[in-house]
Amino acid sequence: MTPKLRVMDVRVTTRPVGLRLPFRYGVVTLREAREARVSVLIQLEDGRQATGHAAELLAPKWFDKSPELSNEDNVEQLLRAVELARQAYLSTDTPLTAFGLHARHDPGHHKACAQENLNGLVAGFGNAILDKAIIGALCIALDTSFSKLVRSNAVGLTSATAPDLAAFDFGAFLARLAPQASIIARHTVGLVDAIFESDIDSATRVDDGLPESLEAAIKAWGLKAFKIKVGGDQTKDLEQLVRIASLLDRGEEPYLCTLDGNEQYQDGEAFATFHSAMLADKRLSRLVASTHMIEQPIARSEALSRPLGELGARVPIEIDESDNSIDAFVQARALGYRGISSKSCKGVYRALLNRARVTKWNAEEGAERYFMSAEDLSTQPGLALQQDLALASLIGCTHVERNGHFYGDGKTGIDDVHRSFYQNNQPGLYRQEQERLQLAINAGVIDLHSLEQTSSYSNLPTTGC
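In this text, all values refer to a predicted model and were calculated from it rather than measured experimentally. (Residues numbered from 1 in each chain as written. Predicted model: local features only at pLDDT ≥ 70, side-chain atom pairs only at ≥ 80, totals over all residues. Heavy atoms only, no water.)

Draft legend 1. Broad picture of the overall build of the protein. Looking only at helices and strands, one finds 16 helices and 14 strands in the protein. Expected size for 465 residues packed as a compact globule is a radius of gyration near 23 Å; at 21 Å, the protein falls within 12% of this value. Dimensions along the principal axes, computed over C-alpha positions, put the protein at roughly 65 × 50 × 45 Å. Looking at the protein as a whole, 59% of its 465 residues are labelled buried. For the protein, the proportion of contacts with a sequence separation of at least 24, taken over those separated by at least 6, is 75%. Taking the 49 positively charged and 60 negatively charged side chains of the protein as two groups, their mean positions are separated by 2 Å. (Helix = DSSP H or I, 4+ residues; strand = E, 2+ residues; numbered from the N terminus. Rg over C-alpha atoms; globule rule 2.2 N^0.38 Å. Buried < 20%, exposed > 50% of the residue type's maximum accessible area, 1.4 Å probe, protein only. Contact = heavy atoms within 4.5 Å. Lys, Arg positive; Asp, Glu negative; His and termini not counted. Charge placed at Lys NZ, Arg CZ, Asp CG, Glu CD.)

Okay, structure coming up:
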């Protein structure tokens, strides 16, 4: 029988996140950030109680890119969405399954957020972080791991928010999911990142013993997969890609690439012109052949307004920023998009439902046409990283974008107790270097064995969040 629960208490705090290197994505260059941390106390019908925790970076200028809003405005938007979700979940006296609680409040939560001019991505963040903490509490209460909890459908996943999956067999689908022992790290190459060591002058070098250029990161971590940001200026983007290709092409071993447009091209025609220029440049021939998909290059105001046409047939394109509702993938598929991103900041349930759609649609078409990718949004060492990796692993992604360990300093807001706790409880996942908690990447691969511990999805020392 699927356990039912009530939310008894929700506490929200934030911590500072220091960046050792500036991270440019879209219209912002991030030099510092904050991370939200949520603790949720649940009570099962039999009276058992457990507290689960979740964490997620409060990333500015991604959820809402309005130029009228400051970075701090964006952070406050996200925290407001969390508060509205907190109020809704606490208002429910009837015990429900974990997913049932989400389904009960998701439409009303989005409506309440819209009334405060909070868009769908911002609204989804509020539900997502609370749902992660509730799932963590359920793992603790039932003494089981995240993967086992989901595979047995102890969360109670149904088609309640996705009527297109009404006839889908969730029990059989979830039971077939299997966590992976490892996953390939797909390294982010930001718009202002140094490509070669020679790009770094003495005035800007951090000199903290960690890689500062793409060249150094490849050497240090044995990287073989890359996510490359493009900025919407065709000339500059091509020049940047040529420089990156000249480095990646040095090695004889195959490499994997994805391109992230971050909505920087106004419409499909503009991006199609850029992509044609890529195809025509012989210096990019190996990089083009190694590119598996392109992540939302078109501005969200236009992305779902008309079909991709020939561009969608030419190259696999996924939506990311346009994934602002549970039915966004259905809309995107009708327009020629083939993929969608999984991010824990969008929600565990959205990822699982979209993964079910991929399974269903591919079976119907008799081909592996549709896909999901796993993206990062700069998740930091600790809960945010562990929860995102657990989700990416379970839905079958073989590689995952990782950048939090490269840009983050691994020490701001993490005290010695937490740093030692994470490393000791997640052997193989972390390493400590100069008082920093760092993701361990060896030969381009992340070891995920420790994520199968009973409470790794919500593990914290007794000192609290």
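Draft legend 2. Broad picture of helix α14 (residues 383-394). Here α14 is 12 residues long and its end C-alpha atoms lie 16 Å apart, about the 16 Å a rise of 1.5 Å per residue gives. For α14, the buried fraction is high: 12 of the 12 residues fall into the buried class. Within the sequence span of α14, burial applies to Leu383, Ala384, Leu385, Gln386, Gln387, Asp388, Leu389, Ala390, Leu391, Ala392, Ser393 and Leu394. With its phi angle positive at about 90 degrees, Gly396 sits one or two positions after the end of α14. (Expected span 1.5 Å × (residues − 1).)

Draft legend 3. Seen up close, the packing of helix α7 (residues 234-248) against helix α8 (residues 268-280). As a packed pair, α7 and α8 sit with axes 11 Å apart at the nearest point and diverge in direction by 35 degrees. The handedness of the crossing between α7 and α8 is right-handed. Along its contact with α7, which presents Gln234, Asp237, Leu238 and Leu241, the element α8 presents Thr273, Phe274, Ala277 and Met278. Looking at the contact of α7 with α8, its residues break down into 5 nonpolar, 2 polar and 1 charged. (Axes fitted to C-alpha atoms, helices over the stretch in contact; angles between N-to-C directions. Left-handed = near helix turned anticlockwise from the far one by under 90°. Nonpolar A, V, L, I, M, F, W, Y, C, P; charged D, E, K, R; others polar.)

Draft legend 4. Geometry of the packing of aromatic side chains. Tallied over the entire structure, the rule returns 18 aromatic pairs. Centroid distance Tyr265 to Phe274: 5.3 Å. Interplanar angle 25 degrees. Geometry classified as stacked. The exposure classification of Tyr265 matches that of Phe274, with both residues buried. With a centroid separation of 5.0 Å and 75 degrees between ring planes, the pair formed by Phe406 and Tyr407 is classed as edge-to-face. (Phe/Tyr/Trp six-rings, centres within 6.5 Å; stacked < 30°, edge-to-face > 60°.)

Draft legend 5. Representation of the sheet that holds strand β3 (residues 49-57) in the model. Strand order in the open sheet formed by 3 strands is β1-β2-β3, with antiparallel pairing between adjacent strands. Edge positions in the sheet fall to β1 (5-25) and β3, since each of these pairs with one other strand and no more. Taking the axes of each pair of neighbouring strands and ignoring which way they run, one obtains an average angle of 15 degrees across the sheet. The pairing of strand β2 (residues 28-44) with β3 spans 9 bridges and is classified as antiparallel. Among the inter-strand pairings, Ser39 is bridged to a residue of β3, identified as His53. (Pairing = 2+ DSSP bridges.)

Draft legend 6. Spotlight on the nonpolar core. Core analysis: the biggest nonpolar cluster contains 150 residues, and Phe63, Phe146 and Ile446 have the highest contact counts within it. Take this core: its biggest share by element is 13 residues, from helix α3 (residues 120-142). Apart from the residues within four sequence positions on either side, Phe63 is in contact with Leu78, Asn119, Leu121, Val122, Phe125, Arg300, Cys345 and Leu377. (Core = buried A, V, L, I, M, F, W, Y, C linked by side-chain atoms within 4.5 Å.)

Draft legend 7. Geometry of the packing of helix α1 (residues 71-90) against α3. Look at α1 against α3: their axes get within 7 Å of each other, and the N-to-C directions meet at 55 degrees. When the axes of α1 and α3 are compared, the pair comes out oblique. Seen along the crossing, α1 lies across α3 with a hand that is right-handed. Where α1 abuts α3, its residues Gln77, Leu78, Ala81, Val82, Ala85, Arg86 and Tyr89 lie against Val122, Ala123, Phe125, Gly126, Asn127, Ile129, Leu130, Asp131 and Ile134. When grouped by side-chain class, the residues that make up the contact of α1 with α3 number 11 nonpolar, 3 polar and 2 charged. (Parallel < 35°, antiparallel > 145°, perpendicular 65-115°, else oblique.)

Draft legend 8. Structural view of the pairing of β2. In the sheet, β1 pairs with β2 via 16 bridges, with the strands oriented antiparallel. The residue bridging Pro16 from the neighbouring strand is Arg34, located in β2. In sequence, β1 turns back onto β2 through a hairpin of 2 residues, with Gly26 there showing a positive phi of about 60 degrees. A loop of 4 residues connects β2 with β3, the two strands running antiparallel in sequence, and Gly47 in this loop sits at a positive phi of about 95 degrees.

Draft legend 9. View of the pattern of salt bridges. Considering all chains together, one arrives at 37 salt bridges under this definition. Here Asp388 makes a salt bridge to Arg402, at a shortest N to O gap of 2.5 Å. Of the two residues, Asp388 sits in helix α14 while Arg402 sits in strand β11 (residues 399-402), which places them 14 residues apart along the sequence. In this structure Arg402 comes out as buried when scored by relative accessible area, which is 1%. Put simply, Arg419 and Asp416 hold a salt bridge, and the shortest N to O gap is 2.2 Å. (Salt bridge = Lys/Arg side-chain N within 4 Å of Asp/Glu carboxyl O.)

Draft legend 10. Fine view of the pairing of strand β12 (residues 430-433). Relative to strand β13 (residues 436-439), β12 runs antiparallel, the two being bridged by 4 bridges. Across the sheet, residue Glu433 finds its bridge partner in β13, namely Arg436. Between β12 and β13, which pair antiparallel one after the other, the connecting turn spans 2 residues, and Gln434 there sits at a positive phi close to 55 degrees.

Draft legend 11. Just α8, in detail. For α8, with 13 residues, the first-to-last C-alpha span of 18 Å sits near the 18 Å given by 1.5 Å per residue. Turning to α8, its buried residues number three or more, namely Phe271, Ala272, Phe274, His275, Ala277 and Met278. Residue Asp267 occupies the N-cap position of α8, its side-chain oxygen lying 3.2 Å from the main-chain nitrogen of Glu269. (Polar contact = N/O pair within 3.5 Å; in protein donor to acceptor, adjacent residues only side chain to side chain.)

Draft legend 12. Highlighting unusual backbone geometry. With phi around 60 degrees, Asn117 is a residue other than glycine that occupies positive phi space. If you trace the backbone, Asn117 turns up in the loop between α2 (98-115) and α3. Phi at Asp207 takes a positive value of approximately 55 degrees, unusual for a residue other than glycine. Considering the arrangement of structural elements, one finds Asp207 in the loop between β4 (182-189) and α6 (214-221). Looking at Asp207, the relative accessible area reads 64%, which means it is exposed.

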